[in-house]
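Residues per chain are reported as follows:
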Amino acid sequence: MEAKKKSKAVFVCGACGHEAPKWLGRCPGCEAWGTYDTEALIVPSRGRDVGGGPAGLGGSGPVSLAQAMVGGAPRLATGIGELDRVLGGGLVPGGVVLIGGDPGVGKSTLLLQAVDSLGRAGKRALYVTAEESAEQVALRARRLGAGAEGLWLLAETDVERVVAEAERFAPDLCVVDSVQAVHAVEAAGIAGSVGQVREVAARLVALAKSRGIATFLVGHVTKDGGLAGPRALEHLVDAVLYFEGERGSALRVLRATKNRYGSTSEVGIFEMAQGGLREVANPSEALLRERPCGAPGTVVMPCASGARPLLCEVQALVARPQTAMVRRVSPAFDGDRLALLLAVLDQRAGVAVLDRDVFVNVVGGLRIDEPAADLAVVLAVASAARGRVIDAQTIVFGEVGLTGEVRAAAGVAERLREGARMGFRRAILPEASRARFAEEGGTCAMELCGVKDVSAAIEAAV
Ligand code: TYD
Ligand code: MG
């Protein structure tokens, strides 16, 4: 191989992708112990550039912006609306999407449904199965009622054979399930090791770019929620999606953490059923279906981070710590932000929570990272700490500042519209947002309760 001549050996941290010229016991990048792959990875000394620039833009010399706008590659819609929206309007020819999630969450099911749908639309789709046999995939396809003419299966684990078959077959869409189960003969390590996964992914990305094949790579998620193997995989690809759900619930949430072709704020909501994944027509209703009534520590928040507003339930639990160290657990909300909000609650509103264990969650596997989620988290914690129930007909949103002030939020009209649509009667929102909404002539069926600071919000809510 040409590239190998100018190559060097590096050791890679399996947790964060940090590279070092020699093996290290402790990673200087993420400070984890024993995460370095014991075998070196051979990489070209200058970063390998796969296939001359991003798909659809070509790699030969400058183009004018106007030209690039006209020549934008047409999207390949999978026909699964929730998936297309998260992708930013469908797949892009030559684009590579990594999709991660726990085993059993439904990655294979989702992608089989996507390739089947594209097959029905007259596209050629190749589903490379490296974990299951073609018969197993066919069985699942039957269960899903999939059977499009254009859908082809390839049971193969050698990346060179996958590439050769894909080049010969020239599909519009290729799925590789999973990237950890495919191996590259030339790279060191066993299938699924850092070096292997990187090499396999690099080969598949090169294939996608050179032949304009839209590609899905399935990746397994490790115990701590990262994509197994190197994070380095994440910057090889154009988009990274996570498919998640809570144990025992049929609801599944699809979201992007990286997307070169669209925003990362859209979420797709599905329900796992007998015949596969179904798009959820009314996500707010599905997310609030099992909401407890009359319990402290729960509040409804209207999210407006994507193009579609969504109502979700924020829950909090405040407990006496079992050890000298207090615990803060919030899988769905930024941990540092939570620490800050707890300090604000304690210092500015007199709700003593700093010596307590605090748990915050968002029901349904959704994640909230917009600033307007602050007030919902604050009120859920205050409600839990005081054992007082927040009225079940109330929605809450607003950003919280360090002095305890409640700051204006974006997307006020959309949030209020969704709350009213779902039959809520009252909204607690930043006073500045309420005033602007009224000034602009906005009307709402709900009672609007504008608050200027956290104390006023707590008074209004609990
Ligand atoms: P799968 O797509 O194999 O998950 P992954 O590829 O992420 O490991 O989905 C496995 C689960 O989905 C399994 O527990 C069965 C369930 N399932 C259904 O409930 N209905 C269906 O129609 C299918 C195909 C799977
Ligand atoms: Mg699978």
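Residues numbered from 1 in each chain as written. Chains lettered and ligands numbered in written order. Predicted model: local features only at pLDDT ≥ 70, side-chain atom pairs only at ≥ 80, totals over all residues. Heavy atoms only, no water.

Peer 1: In this structure, what is going on with the site of ligand 1? I would like to understand it.
Peer 2: Around ligand 1 sit 16 residues in total, of which Gly 104, Ser 108, Thr 109, Ala 273 and Gln 274 are the nearest. The contact in question runs from an oxygen atom of ligand 1 to an N or O atom on the side chain of Ser 108, over 2.7 Å. Contacts to ligand 1 include Arg 143, whose side-chain N or O atom sits 3.2 Å from a nitrogen atom. If ligand 1 stood free it would expose 560 Å²; the protein chains cover 75% of that surface. Of all the secondary structure elements, the ones that give two or more residues to the shell around ligand 1 are helix H4 (107-120), helix H5 (134-144) and strand S11 (267-273). Partitioned by chemical class, the residues of the shell around ligand 1 number five nonpolar, seven polar and four charged. (Near = heavy atom within 4 Å. Polar contact = N/O pair within 3.5 Å; in protein donor to acceptor, adjacent residues only side chain to side chain. Areas by Shrake-Rupley, 256 points an atom, 1.4 Å probe, with all protein chains shown as cover. Helix = DSSP H or I, 4+ residues; strand = E, 2+ residues; numbered from the N terminus. Nonpolar A, V, L, I, M, F, W, Y, C, P; charged D, E, K, R; others polar.)

Peer 1: What is the right way to read the environment of Arg 203 from this model?
Peer 2: Along the chain, Arg 203 turns up in helix H7 (residues 194-211). Not counting chain neighbours up to four residues away, the residues in contact with Arg 203 comprise Val 159, Glu 160 and Val 163. (Contact = heavy atoms within 4.5 Å.)

Peer 1: Is there a simple way to think about the environment of Leu 217 in this case?
Peer 2: Note on placement: Leu 217 falls in strand S8 (residues 214-220). Here Leu 217 falls in the buried class, since its relative accessible area comes to 0%. Ignoring sequence-local partners within four residues, the contact set of Leu 217 consists of Val 96, Val 97, Leu 98, Ile 99, Val 176, Ala 201, Leu 204 and Val 237. (Buried < 20%, exposed > 50% of the residue type's maximum accessible area, 1.4 Å probe, protein only.)

Peer 1: What is the right way to look at the packing of helix H11 (residues 374-386) against helix H14 (residues 454-461) in this model?
Peer 2: Two packed helices can be described by the angle between their axes and the distance between those axes. Packing of H11 against H14 brings their axes to within 10 Å, and their N-to-C directions diverge by 60°. Considering their axes alone, H11 and H14 lie oblique with respect to each other. Every pair of crossing elements has a handedness; the one defined by H11 and H14 is right-handed. In this structure, H11 contributes Leu 375, Val 378, Leu 379, Ala 382 and Arg 386 to the contact, and H14 contributes Val 454, Ala 457, Ile 458 and Ala 461. Classifying every residue of the contact of H11 with H14 gives eight nonpolar, no polar and one charged. (Axes fitted to C-alpha atoms, helices over the stretch in contact; angles between N-to-C directions. Parallel < 35°, antiparallel > 145°, perpendicular 65-115°, else oblique. Left-handed = near helix turned anticlockwise from the far one by under 90°.)

Peer 1: Hey, could you run me through the pairing of strand S9 (residues 239-245) in this one?
Peer 2: For a regular strand, side-chain orientation follows a simple rule: the groups alternate between the two sheet faces. In terms of residue burial, S9 counts as a mostly covered element, since six of its seven residues are buried. For strand S4 (residues 96-101) and S9, the ladder comprises four bridges, and the chain directions are parallel. Each residue of the ladder has a partner; that of Gly 100, found in S9, is Tyr 242. Here S9 pairs with strand S10 (residues 251-259) via seven bridges, running antiparallel. By the bridge assignment for S10, Ala 239 is matched with Asn 259. From the end of S9 to the start of S10, which pair antiparallel, there are five residues, and Gly 248 there has a positive phi angle of about 80°. (Pairing = 2+ DSSP bridges.)

Peer 1: How should H5 be read in this particular structure?
Peer 2: Since the α-helix packs 3.6 residues into each turn, any two residues three or four apart lie on the same face. Residues of H5 that are buried: Val 137, Ala 141 and Leu 144. The arc that holds the buried residues of H5, viewed along the axis, is 60°, so those residues lie on one side. Turned more than 90 degrees off the buried face of H5, the exposed positions are Glu 135, Leu 139, Arg 142 and Arg 143. The secondary structure elements touched by the buried residues of H5 are H4, strand S5 (125-129), strand S6 (151-155) and strand S12 (276-279). Of the residues flanking the end of H5, it is Gly 145, one or two places downstream, whose phi is positive at about 70°. (Arc of directions from axis to C-beta.)

Peer 1: How should the nonpolar core be read in this particular structure?
Peer 2: One recurring pattern in soluble globular proteins is that nonpolar side chains are buried together. Membership of the largest hydrophobic core comes to 53 residues, with the highest contact counts inside it found for Val 314, Leu 345 and Val 381. Here this core takes nine residues from H11, the largest share from any one element. Counting 35 residues, the second-largest nonpolar core is a separate cluster that includes Ile 80, Val 115, Leu 144 and Ala 146. (Core = buried A, V, L, I, M, F, W, Y, C linked by side-chain atoms within 4.5 Å.)

Peer 1: What is the right way to look at the pattern of salt bridges in this model?
Peer 2: Any two side chains of opposite charge can pair if their charged atoms end up close together. A complete count under the given rule lists 22 salt bridges for this structure. Residues Lys 209 and Asp 238 are paired through a salt bridge, measuring 2.5 Å at the closest nitrogen-oxygen approach. Taken as a pair, Lys 209 in helix H7 and Asp 238 in the loop between helix H8 (232-236) and S9 lie far apart in primary sequence, 29 residues in all. The two residues Lys 209 and Asp 238 agree in class, both being buried. Where Glu 418 meets Arg 421, a salt bridge forms, and the shortest distance between an N and an O atom there is 2.9 Å. Taken together, the residues Glu 418 and Arg 421, both in helix H12 (residues 412-421) and three residues apart, mark about one turn of the helix. Of the residues examined, Glu 418 reaches a relative accessible area of 9% and is grouped as buried. A residue is classified by how much of its surface remains accessible, and Arg 421, at 49% relative accessible area, is partly exposed. It is possible to trace a salt-bridge network through shared partners that takes in Glu 82, Arg 85, Glu 266 and Arg 308. (Salt bridge = Lys/Arg side-chain N within 4 Å of Asp/Glu carboxyl O.)

Peer 1: Teacher, can you tell me more about the environment of Leu 144 here?
Peer 2: Examined against the element boundaries, Leu 144 turns out to sit in helix H5. As for Leu 144 and Thr 109, which are separated by 35 residues in sequence, their C-alpha atoms are 8.2 Å apart. Setting aside its immediate chain neighbours within four residues, Leu 144 contacts Thr 109, Leu 112, Gln 113, Gly 275 and Gly 276.

Peer 1: Mind showing me how you'd approach the sheet that holds S8 here?
Peer 2: With mixed pairing, the nine strands of this open sheet are ordered in space as S6-S5-S7-S8-S4-S9-S10-S11-S12. Each having just a single partner strand, S6 and S12 make up the two edges of the open sheet. Going from strand to strand, the sheet's axes swing by 25° on average, the running direction of each strand aside. Of the strand pairs in this sheet, S5 and S6 are connected by five bridges, and their pairing is parallel. What sits directly across from Thr 129, in S6, is Ala 155. Running over the sheet, helix H6 (residues 159-169) touches S5 and S6 and is turned about 165° from S5.

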